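# Architecture and fold: a report
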Amino acid sequence: MKKVILSGLAFLTFGFANAQSKNGAKNEGQTAEGKWLIEANTAFGTPMGSYTGFSYSDTDGDTEYNFGAEAGYFVIKDLAVKVGLGYGGMKNDLIDTNIFSYKIGAKYYIISQIPVQVDYSGATIKDFDENPSYLGIQAGYAWFLGSNVSIEPGVRYNMTLNDNYTDKNTFQVNIGFALHF
């Protein structure tokens with residue numbers, strides 16, 4: 001857990017150290033056609049499995065964790081096609097399993113500043129009969145810290161595509177950190 005917190009703090013420090021504008025960094029082409037995006041997210045209200053960000057929870061012996069990231073390519077100005085992968089696990093008195101998560105979708109930056117994303121995500125959970133899948137919609141705001149880093153807080157809604165899965169539709173609050181190349 002300490003490594004995750006220290007890694008996050010190092011990432012934030014790197015982002016602020018690279019901020020290049022005295023009056024607040026401006027978007028100088030980070031969402032231009034041909035650019036790449038690498039993104040890591042934290043989330044609250046994450047559905048079990050099907051998550052490509054960073055999370056950790058330990059409550060009364062019920063432990064859940066996940067590590068992951070997403071990458072995207074801007075096929076036209078402000079529109080990125082994205083994929084994501086994650087790995088995690090759950091452990092309690094009844095379950096001790098591993099989870100492999102995946103995501104594919106598109107992210108559009110309205111006025112190059114307001115990211116809106118639609119995606120399909122799912123997971124393969126070891127020893128489970130049914131695996132979760134979701135249709136996700138999210139929106140937020142991108143603060144560009146120089147020419148290569150952005151912080152993107154936002155909200156997300158995951159609509160389950162499984163009839164009998166325990167985690168139905170979920171709402172999340174995200175804080176995303178992105179590198180733009």
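## Some thoughts on unusual backbone geometry
With a phi close to 50°, Asp 60 is a non-glycine residue in the positive phi region. Locating Asp 60 in the fold gives a position in the loop between β2 (55-59) and β3 (62-76).

## Side note on the side chain of Glu 39
Looking at the secondary structure, you find Glu 39 in strand β1 (residues 36-44). At a separation of 2.5 Å, a polar atom in the side chain of Glu 39 contacts the side chain of Lys 82. For Glu 39, the side chain forms a polar contact with the side chain of Lys 107, separated by 2.9 Å. The residues contacting Glu 39, other than those within four sequence positions of it, are Ala 69, Glu 70, Lys 82, Lys 107, Glu 152, Phe 177 and Ala 178.

## Notes on the environment of Ala 80
Considering the arrangement of structural elements, one finds Ala 80 in strand β4 (residues 79-91). Sequence-distant contacts of Ala 80, defined by excluding residues within four places in its chain, comprise Tyr 73, Phe 74, Gly 105, Ala 106 and Lys 107.

## Here we look at the pairing of strand β6 (residues 114-125)
Regular strands place their side chains on alternate faces of the sheet. As judged from the 12 bridges shared by strand β5 (residues 96-110) and β6, these two strands associate in the antiparallel manner. Note that in β6 the partner of Ala 106 across the bridge is Val 118. From the end of β5 to the start of β6, which pair antiparallel, there are three residues, and Ile 111 there has a positive phi angle of about 45°. Of the pairings in the sheet, the one linking β6 to strand β7 (residues 133-140) comprises seven bridges and is antiparallel in character. Across the sheet, residue Val 118 finds its bridge partner in β7, namely Ile 137.

## Considering the nonpolar core
Residues Leu 37, Phe 74, Ala 80, Tyr 109, Ala 142, Phe 144 and Ala 178 constitute the largest nonpolar core, which totals seven residues. Counting residues in hydrophobic clusters, the runner-up holds five residues, among them Leu 145, Ile 151, Phe 177 and Leu 179.

## Comments concerning the pattern of salt bridges
One pass over the full model with this rule turns up seven salt bridges. As a salt-bridge pair, Glu 70 and Lys 82 come within 2.6 Å of each other at their nearest N and O atoms. Of this pair, Glu 70 sits in strand β3 while Lys 82 is found in strand β4, placing the two residues 12 residues apart along the sequence. Looking at Lys 82, the relative accessible area reads 2%, which means it is buried. Glu 152 is the partner of Lys 107 in a salt bridge, and the nearest nitrogen-oxygen pair spans 2.7 Å. Of this pair, Lys 107 sits in strand β5 while Glu 152 is found in strand β9 (residues 149-160), placing the two residues 45 residues apart along the sequence.

## Some details on the packing of aromatic side chains
Following the criterion strictly, the structure yields six aromatic pairs and no others. With 6.1 Å between their ring centres and 80° between their planes, Phe 54 and Phe 67 make a pair best called edge-to-face. On the criterion of sequence distance, the pair formed by Phe 54 in the loop between β1 and β2 and Phe 67 in strand β3 is long-range, its members being 13 residues apart. Since its relative accessible area comes to 38%, Phe 67 is described here as partly exposed. Plain terms: the ring middles of Tyr 65 and Phe 67 are 5.9 Å apart, the flat faces sit at 50° to each other, and that makes the pair tilted. Connected via pairs of aromatic rings, a cluster forms that spans Phe 54, Tyr 65 and Phe 67.

What counts and how
Residues numbered from 1 in each chain as written. Predicted model: local features only at pLDDT ≥ 70, side-chain atom pairs only at ≥ 80, totals over all residues. Heavy atoms only, no water. Helix = DSSP H or I, 4+ residues; strand = E, 2+ residues; numbered from the N terminus. Polar contact = N/O pair within 3.5 Å; in protein donor to acceptor, adjacent residues only side chain to side chain. Contact = heavy atoms within 4.5 Å. Pairing = 2+ DSSP bridges. Core = buried A, V, L, I, M, F, W, Y, C linked by side-chain atoms within 4.5 Å. Buried < 20%, exposed > 50% of the residue type's maximum accessible area, 1.4 Å probe, protein only. Salt bridge = Lys/Arg side-chain N within 4 Å of Asp/Glu carboxyl O. Phe/Tyr/Trp six-rings, centres within 6.5 Å; stacked < 30°, edge-to-face > 60°.

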